[in-house]
Amino acid sequence: MCYTTQGKGKHMELKTEALYMEEKKGPAITQVTFDETYHLPDYLPDFFSVILSRGDVRLDESKCGNGHIMVRGVLQFRVLYRTGQGEWKISSLEGEYPFQETLMLEEAGEFDMPQTEVFLEDLTVRMINARKLNIQALLEIHCTARTRLELQIPVGMEQEESCEHLYRKKEFLELCYRGEELCAMREEVRLPSNKPNIRQLLWQQAQLFGMNVRVAAGEVTVQGELQVFVIYLGMQEDRMQWAEMRVPYQCRLEIPEASPDMVSYLTADPGAIRCSVQADADGEERVILAEADIPIRMWLYRDISKNQLEDVYSLKKQLIPKRKPVKIRQLHMKNESQCRVNDTLQIKNTEEEVLQIGAGFGTVEPEHWEISPNGLMIEGTVRMQVFYMVSSDSAPVGAMESLVPFQCQMEMQDLDETCEIEIQTTLEHLSFLMKNASEIEVQAIINVSALVTKLKEEELISAIEEEAADAQADEKLPGIVGLILTGSSDLWEIAKKYHTTVSAIRKTNELEEETELNGRKILVVKQVLDIG
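Residues numbered from 1 in each chain as written. Predicted model: local features only at pLDDT ≥ 70, side-chain atom pairs only at ≥ 80, totals over all residues. Heavy atoms only, no water.

Let us look at the environment of Glu365. Relative to the assigned elements, Glu365 resides in strand β16 (residues 354-372). The sequence separation of Glu365 and Thr425 amounts to 60 residues, and the corresponding C-alpha distance is 8.0 Å. Look past the residues within four positions of Glu365 in its chain and what remains in contact with it is Gly380, Thr381, Arg383 and Phe406. A distance of 2.9 Å separates polar atoms of two side chains, one belonging to Glu365 and the other to Arg383. (Helix = DSSP H or I, 4+ residues; strand = E, 2+ residues; numbered from the N terminus. Contact = heavy atoms within 4.5 Å. Polar contact = N/O pair within 3.5 Å; in protein donor to acceptor, adjacent residues only side chain to side chain.)

Attention now moves to the layout of surface pockets. In this approach the atoms are scanned with a rolling probe the size of a water molecule, which exposes any empty space left behind. Volume-wise, the second largest pocket comes out at about 560 Å³. For the lining of the second largest pocket, the secondary-structure elements that each account for two or more residues are β3 (49-65), β4 (68-82), β5 (90-104), β9 (198-216), β13 (274-279) and β14 (285-313). Top element by residues in the lining of the second largest pocket is β3. It accounts for 6 residues. For the lining of the second largest pocket, the per-class residue count stands at 11 nonpolar, 5 polar and 10 charged. (1 Å grid on protein atoms, 1.4 Å probe; cavity = no way out; pocket = protein on both sides within 12 Å on 5 of 7 lines; lining within 4 Å. Points joined across faces, edges and corners; volume = space filled by probe spheres on them. Nonpolar A, V, L, I, M, F, W, Y, C, P; charged D, E, K, R; others polar.)

Note that soluble globular proteins tend to have their nonpolar side chains buried in a common cluster. Ranked by internal contacts, the top residues of the largest apolar core, which has 35 residues, are Leu226, Val228, Met298 and Leu300. The set of elements that each furnish at least two residues to this core consists of β8 (164-190), β9, β10 (219-234), β11 (240-254) and β14. No other element matches the 7 residues that β14 contributes to this core. Excluding its chain neighbours within four sequence positions, the residues that come into contact with Leu226 are Met185, Glu187, Val189, Ala206, Gln207, Leu208, Met245, Arg246, Val247, Tyr249, Ile273 and Ala290. Of all hydrophobic cores here, the second largest spans 34 residues; its members include Ile347, Leu376, Val404 and Phe432. (Core = buried A, V, L, I, M, F, W, Y, C linked by side-chain atoms within 4.5 Å. Buried < 20%, exposed > 50% of the residue type's maximum accessible area, 1.4 Å probe, protein only.)

For the structure shown, the criterion picks out 1 disulfide. Sulfur-sulfur distance for the disulfide between Cys183 and Cys251 comes to 2.2 Å. Taken together, the positions of Cys183 in strand β8 and Cys251 in strand β11 put the pair 68 residues apart, joining distant regions of the chain. Judged by relative accessible area, which is 4%, Cys183 ranks as buried. Classification of Cys251 as buried rests on a relative accessible area of 6%. Between Cys275, a free cysteine, and Cys183, which holds the nearest cysteine sulfur, the sulfur-to-sulfur gap is 15 Å. On the basis of relative accessibility, which here comes to 12%, the residue Cys275 falls in the buried class. In this model Cys339 remains outside any disulfide bridge; the closest cysteine sulfur is found in Cys408, 4.5 Å from its own. (Disulfide = S-S within 2.5 Å.)

See the structure below:
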């Protein structure tokens with residue numbers, strides 16, 4: 001791209017190339033509290049006590065405005081509970097409460113892209129009476145606004161033959177794509193062959209493990225493993241059943257701008273994965289259909305280099321570069337690591353004997369990170385839920401929740417206060433083992449990904465003004481001067497000061513590109529040109 005800059009005299013045409021980057025603004029943080037009364041529908045049996053409660057947040061909309069970010073979503077909850085009615089004294093209920101919040105962020109603009117995360121900090125279910133519950137929850141909302149910027153990088157001039165140019169190779173992290181895509185997941189999971197058909201589904205829960213991202217030409221693939229756990233009544237057997245199943249999942253997103261050389265950063269909000277019973281090819285109720293529409297916010301970057309025009313002058317006229325201060329983002333590194341967690345959970349408040357573990361689920365909650373001497377230290381917790389089978393004939397299911405801390409050290413070099421660090425964590429593996437009647441051994445593997453960029457303040461040439469040569473100033477310069485170079489000597493600055501060129505200095509003093517300059521004695525001869 002070329003555009004013309006007007007000065008007091010003739011104009012100069014500057015060649016530029018467009019480069020897109022982002023500016024981050026924020027964060028803005030707020031909390032949302034719920035204190036609601038839930039009435040059991042008439043078709044559900046009376047409530048006796050909670051076995052397990054589970055909450056998810058579905059983010060429906062996040063939108064930037066001038067000076068604020070609007071966030072709208074739904075708190076979804078499910079409760080597995082004991083009841084004194086029916087053949088099996090276990091039932092479940094579900095409900096949801098909408099929320100909408102406006103977070104004030106003075107720097108936000110109408111056309112900014114929001115980056116919003118909603119954390120469910122607490123969910124408490126209390127019994128008021130057999131038909132009425134108290135639902136209390138605490139959400140924490142974190143928002144930033146990201147502004148897309150277009151920079152014009154100077155890469156040359158139209159009349160280069162009449163000027164001296166200084167180019168330097170500069171590294172840039174170019175924003176190639178940003179947006180929100182919807183990953184529509186539809187996975188069929190079959191019951192194990194040793195399990196009976198499903199007559200009634202009492203509880204279902206699903207979770208995604210891993211989030212491996214592959215960028216290819218025109219598409220981005222996200223894949224991992226889907227875990228499904230169900231508690232149900234069998235079709236023919238007169239007892240409660242449970243089954244845990246795992247299958248791979250894969251989601252392909254068509255992104256025309258994508259290419260294999262790009263660096264990806266994405267966040268996903270799985271929310272609640274819906275499970276329903278389907279008939280198989282033989283008409284038997286043996287298939288669990290897991291469905292979810294997962295919003296994925298994605299950024300694709302390319303690490304590129306450009307020969308940037310740093311300075312310009314002429315021996316025939318005065319060229320005055322006009323500079324504009326900008327912030328340049330550069331890729332420092334992207335690092336991926338795994339953190340192993342081992343701990344022992346204590347089973348409490350259980351009157352029946354624990355027979356075996358049914359399934360376990362977990363959510364990684366990073367809480368703090370800091371730069372350490374060896375790189376990056378990340379701390380947080382894994383919020384775990386464990387289902388187990390007990391010796392009760394009428395209510396053979398129990399559950400517990402626990403927080404397990406983790407600490408992950410990522411080896412990274414040259415981190416400092418100029419770095420911007422974005423952390424992403426996913427659960428890769430989770431397993432449980434009964435140690436004895438009251439203790440469960442847990443093992444987890446956490447994937448940790450860190451995208452580290454650096455912001456550098458620079459001044460880019462945005463215009464070049466051309467004026468007539470200052471003949472009097474040029475006449476005052478010495479015709480020849482001797483210099484002793486030091487380690488900080490710059491031939492460009494010397495040539496510009498004494499009205500000559502770098503190539504002339506090298507030719508006069510027989511200096512090759514690889515010649516060591518420190519301590520070298522040189523002669524600088526002023527060039528006198530006819531500028532009339």
